[in-house]
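Examining the three-dimensional arrangement
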Amino acid sequence: MIEFKHVEKYFGAFHALKDINLTFNKGEVVVVIGPSGSGKSTMLRCINGLEEISSGILLINDLDIRSKETRLPEIRKNIGMVFQHFNLYPHKTVLENITLAPIKVLKKDEAAAIKEAEKFLNKVDMLDKKDSYPSQLSGGQKQRVAIARGLAMNPQMLLFDEPTSALDPEMIGDVLKVMKKLAKEGMSMIVVTHEMGFASEVADRVVFMDSGQVLEDSETQTFFDHPKEERARQFLSKIINH
Amino acid sequence: MDFLGAFSWINIRFLLQGLLITVEVAAASIVLSFLIGGFAGLIRFIKIPYLSKIVGIVIDVIRNLPLLLIIFFTYFALPQIGIRFDIFWSSVAALTIFESAMLSEIIRAGLNAVPKGQMEAGLSTGLNFSQTMSIVVFPQAFKAMVPAIVSQFISLIKDTSLAVIISLPELTHNAKIIYGQNSNYVLPMFIAMTVLYFIVCYILSLVSKFLESRQYNY
Ligand SMILES: Nc1ncnc2c1ncn2[C@@H]1O[C@H](COP(=O)(O)OP(=O)(O)O)[C@@H](O)[C@H]1O
Ligand SMILES: [Mg+2]
């Protein structure tokens, strides 16, 4: 459903993505790993048009993201995104954070949107905080609300950009638990993360990026047992040993 | 000395008429400069090629001119190129030009202070740009901007007194006429102006406090 063909991305003169060729299929859970600055976020942000690709072809459900007819809001409402720093709306309650887009974009009536939102809050175990403001929540709670906000659009796919990197260690587990549940229910997910336990448990594939390139794209088992690339091996031993 | 004579019914009425002009000029300028300044601030915030740069330069020029010069400009210079306002609207035009430039900077700074992730979060849920601006970004920016905007409006009210130079019959002008007729009235008129300017500006600062307290308690 998502296809990168020879995608290049420049920030000014800086070459951030180099000849990216990747396919993400429906129902797949793909974990993307790689050193900081390797272009993982940029690749992810190209998918929902937060970054514009410089050349190549990026197809989202067979729609060319660069074609004139493609409307980004249409693409975005089918693809949820969960950010490292949650990006909840601080001036809205938990419930309002979740119902905003369904009401404004999907034109749901408020009562139906609230009912749906409560269902998703229950799923991420945050229903009791529905009337709180984000500032009253811990990082792990905020991230679970952010996941519910993504789910509320009933997207075909969820993108996660280091969803646990800003969390205290004791909160990571709760967020990962929710993500694993989603993965097992068949949600299509692309997850940038350094959580190798999560990767080996639920990922179908692992993509390893370095310096703007995809160096490896393998089935999870293969990747962990026999990483093809020396740099992937080094990276793995670094993050697993620390 | 005849201090109390300064506050004859006729003089008080004359002062209050001046105050009314002050408030009218200020109110018209506040509304116009909020619209124009808001628009200019938005243009600078969303960085439209060329346009945002040009607007930025114009704003910088205006912000670095004395307001008095702008008042002269709208009253004496504009008629020379065929744009003619009466004294009232010349004053409003001058104040609007000046305050729009000041406000646009406040508004731009307020918008810039909202973390980029807020815009990205709104867009990535499928909201379009204007929905994200109006529902997500602007309310957060506004909360931070209220004190600066209100203090700008308070200076605007005080700045209306500069229009005395083109004989706008506002508070300072009328007070000047009264003490011009009797030098015993100088002190009473200064007291009267102090009290009246204070009351108007203080009311505005109460509005600011109300707006701030009414904002979501997040
Ligand atoms: N908006 C931007 N402008 C300029 N350079 C950027 C921008 N965003 C990212 N980069 C650069 O692109 C490279 C890849 O960034 P990123 O995709 O965030 O890496 P990762 O998520 O793997 O850490 C980095 O060197 C970063 O500095
Ligand atoms: Mg990143």
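Residues numbered from 1 in each chain as written. Chains lettered and ligands numbered in written order. Predicted model: local features only at pLDDT ≥ 70, side-chain atom pairs only at ≥ 80, totals over all residues. Heavy atoms only, no water.

1. Structural notes on the nonpolar core
In plain terms, the rule: The definition of a nonpolar core used throughout is a set of buried Ala, Val, Leu, Ile, Met, Phe, Trp, Tyr and Cys residues joined through side-chain atoms within 4.5 Å. For each residue, the accessible area found with a 1.4 Å probe, counting protein chains only, is set against the maximum for its type, and the residue is called buried under 20%, exposed over 50%, and partly exposed in between. Helix and strand assignments come from DSSP, with helices taken as H or I runs of at least 4 residues and strands as E runs of at least 2, each series counted from the N terminus. In this analysis, two residues are considered to be in contact whenever any of their non-hydrogen atoms come within 4.5 Å of each other.
The biggest cluster of nonpolar side chains holds 73 residues, and the ones touching the most others in it are I2(A), F4(A), F24(A), M43(A), I47(A) and L58(A). Counting residues per element, this core draws most heavily on helix 6 (residues 129–159) of chain B, at 13 residues. Beyond its immediate stretch of four places on either side in the chain, I47(A) contacts I2(A), F4(A), F24(A), L58(A), I60(A), I65(A), I75(A), I79(A), L159(A) and I190(A). Ranked by size, the runner-up nonpolar core spans 48 residues in total, among them V29(A), L95(A), I98(A) and F208(A).

2. Thoughts on the packing of helix 2 (residues 51–63) of chain B against helix 4 (residues 87–113) of chain B
Residue and element names in this part refer to chain B. To keep things clear, this is the line we draw: Angles here are taken between N-to-C directions and fall from 0 to 180 degrees, while the axes themselves are lines fitted to C-alpha atoms, restricted in helices to the stretch in contact. Should an angle lie under 35 degrees it is considered roughly parallel, over 145 roughly antiparallel, and from 65 to 115 roughly perpendicular; all remaining angles are considered oblique. Rotating anticlockwise by less than a right angle from the far helix to the near helix defines a left-handed crossing, while the corresponding clockwise rotation defines a right-handed one. Basically, the charged four are Asp, Glu, Lys and Arg, the nonpolar ten are Ala, Val, Leu, Ile, Met, Phe, Trp, Tyr, Cys and Pro, and anything else, Gly included, counts as polar.
Closest axis-to-axis distance for the helix 2/helix 4 pair is 9 Å, and the angle between their directions is 120°. Between helix 2 and helix 4, the angle falls in the class oblique. Helix-helix and strand crossings are classified by hand; for helix 2 and helix 4 the assignment is left-handed. Contacts from I59, I62 and R63 in helix 2 reach I97, F98, A101, M102, S104 and E105 in helix 4. Split into classes, the residues belonging to the contact of helix 2 with helix 4 amount to 6 nonpolar, 1 polar and 2 charged.

3. Brief notes about the packing of aromatic side chains
Residue and element names in this part refer to chain A. For clarity, the cut-off: Centres within 6.5 Å make a pair out of two Phe, Tyr or Trp rings, where for Trp the six-membered ring is used; the pair is then stacked when the planes are under 30 degrees apart, edge-to-face when over 60, and tilted otherwise.
Per the stated rule, a full pass over the model turns up 10 aromatic pairs over all chains. Here F208 and F235 contribute two aromatic rings whose centre-to-centre distance is 5.5 Å and whose plane-to-plane angle is 50°, an arrangement assigned as tilted. Taken as a pair, F208 in strand 9 (residues 205–210) and F235 in helix 9 (residues 230–241) lie far apart in primary sequence, 27 residues in all. One exposure class covers both F208 and F235, and it is buried. Arranged with centres 5.6 Å apart and planes meeting at 80°, the rings of F223 and F224 form a pair that is edge-to-face. Overall, F224 belongs to the partly exposed group, its relative accessible area being 21%.

4. Examining helix 5 (residues 139–151) of chain A
Inclusion rule: Expected helix span is given by 1.5 Å per residue-to-residue step, counting one fewer step than there are residues.
Taking 1.5 Å of rise per residue, 13 residues should cover 18 Å, and helix 5 of chain A covers 18 Å from first to last C-alpha, within 8% of that figure. Taken across its 13 residues, helix 5 of chain A has 11 buried, putting it largely inside the fold. Along helix 5 of chain A, the residues classified as buried are G140(A), Q141(A), Q143(A), R144(A), V145(A), A146(A), I147(A), A148(A), R149(A), G150(A) and L151(A). Buried residues in helix 5 of chain A make contact with strand 6 (79–82), helix 3 (94–104), helix 4 (110–123), strand 7 (157–161) and helix 6 (169–184) of chain A together with helix 5 (116–124) of chain B.

5. Structural notes on a negative patch on the surface
Residue and element names in this part refer to chain A. Stated formally: Residues forming no salt bridge and having over 30% relative accessible area are the ones grouped into patches, like charges within 9 Å of each other and nonpolar side chains (Val, Leu, Ile, Met, Phe, Trp, Tyr) within 5 Å. Where accessible areas are quoted, they stem from the Shrake-Rupley method and a 1.4 Å probe; at the residue level, only the protein chains shown are allowed to cover. Here, a salt bridge means any side-chain nitrogen of Lys or Arg that lies within 4 Å of a carboxyl oxygen of Asp or Glu. Charged residues are defined here as Lys and Arg on the positive side and Asp and Glu on the negative side; His and the ends of the chain fall outside this count. By convention, charge coordinates are those of NZ in Lys, CZ in Arg, CG in Asp, or CD in Glu.
A cluster of acidic residues, E96, D109, E110 and D131, forms a negative patch on the protein surface. Mapped onto the fold, E110 is located in helix 4. What makes E110 exposed here is its relative accessible area of 53%.

6. A closer look at the interface of chain B and chain A
Note the cut-off: By convention, the term buried area covers the 1.4 Å-probe accessible surface removed from two parts as they join, with the contributions of both added. Whenever two N or O atoms come within 3.5 Å, that pair is a polar contact, provided that in protein one can donate a hydrogen and the other can accept it, and provided that, for residues adjacent in sequence, both atoms are side-chain atoms.
The partner chain A presents 23 residues to the 18 residues of chain B that form the contact. Each partner contributes to the roughly 1,800 Å² buried at the junction of chain B and chain A, and carbon and sulfur atoms together form 65% of this total. For the interface between chain B and chain A, the tally reads 1 salt bridge. Notably, a salt bridge pairs R45(A) with E120(B), separated by 2.8 Å at the nearest N-O pair. Across the contact surface, chain B and chain A share 4 residue pairs in polar contact (both at pLDDT 80 or more). Secondary-structure elements contributing two or more residues to the side of chain B that touches chain A are helix 5 and helix 6 of chain B. Element by element, the count of residues in the side of chain B that touches chain A is highest for helix 5 of chain B, at 7 residues. Class assignment for the residues of the side of chain B that touches chain A results in 8 nonpolar, 9 polar and 1 charged.

7. Describing the pairing of strand 8 (residues 188–192) of chain A
Residue and element names in this part refer to chain A. Definition in use: We call two strands paired when DSSP finds no fewer than two bridges between them.
Most of strand 8 sits inside the fold, with 5 of its 5 residues counted as buried. The alternating pattern of strand 8 places S188, I190 and V192 on one face and M189 and V191 on the opposite face, and all of these are buried. Sheet topology places strand 3 (residues 29–33) next to strand 8; 4 bridges connect them, and they run parallel. Looking across to strand 8, one finds that V31 is bridged to V191. Across 5 bridges, strand 7 lies against strand 8 in parallel orientation.

8. Examining helix 3 (residues 67–77) of chain B
Residue and element names in this part refer to chain B. Note the threshold: The arc refers to the directions leading from the helix axis to the C-beta atoms.
The complete set of buried residues in helix 3 reads L67, I70, I71 and T74. Down the axis of helix 3, the smallest arc covering the buried residues is 105°, so these residues share one side. Buried residues in helix 3 make contact with helix 2, helix 4 and helix 6.

9. Focus on the pattern of salt bridges
All names here are of chain A. All chains considered together, the criterion is met by 16 salt bridges over all chains. As a salt-bridge pair, R71 and E74 come within 3.6 Å of each other at their nearest N and O atoms. Judged by relative accessible area, which is 46%, R71 ranks as partly exposed. Between E116 and K119 there is a salt bridge, with its nearest N and O atoms 3.4 Å apart.

10. Some words on the sheet that holds strand 5 (residues 63–64) of chain A
All names here are of chain A. Across the sheet, 4 strands lie side by side as 2-1-4-5; this open sheet has antiparallel pairing. Across the chains shown, the open sheet's two edge strands, defined by having one partner strand only, are strand 2 (14–24) and strand 5. Across 7 bridges, the pairing between strand 1 (residues 2–11) and strand 2 is antiparallel. Within the sheet, the bridge partner assigned to V7 lies in strand 2 and is I20.

11. Comments concerning the sheet that holds strand 8 of chain A
Residue and element names in this part refer to chain A. Strand order in the open sheet formed by 6 strands is 6-7-8-3-9-10, and the pairing between neighbours is mixed. Two strands lie at the open edges of the sheet, namely strand 6 and strand 10 (213–219), each paired on one side alone. Averaged over all pairs of adjacent strands, the angle between their axes in this sheet comes to 15°, without regard to strand direction.

12. Observations regarding the side chain of T42(A)
All names here are of chain A. Considering the arrangement of structural elements, one finds T42 in helix 1 (residues 40–47). T42 sits in the buried class, given a relative accessible area of 12%. When residues no more than four places from it in sequence are discounted, the contact partners of T42 are K9, F11, A16 and L17.

Geometry only, nothing functional implied.
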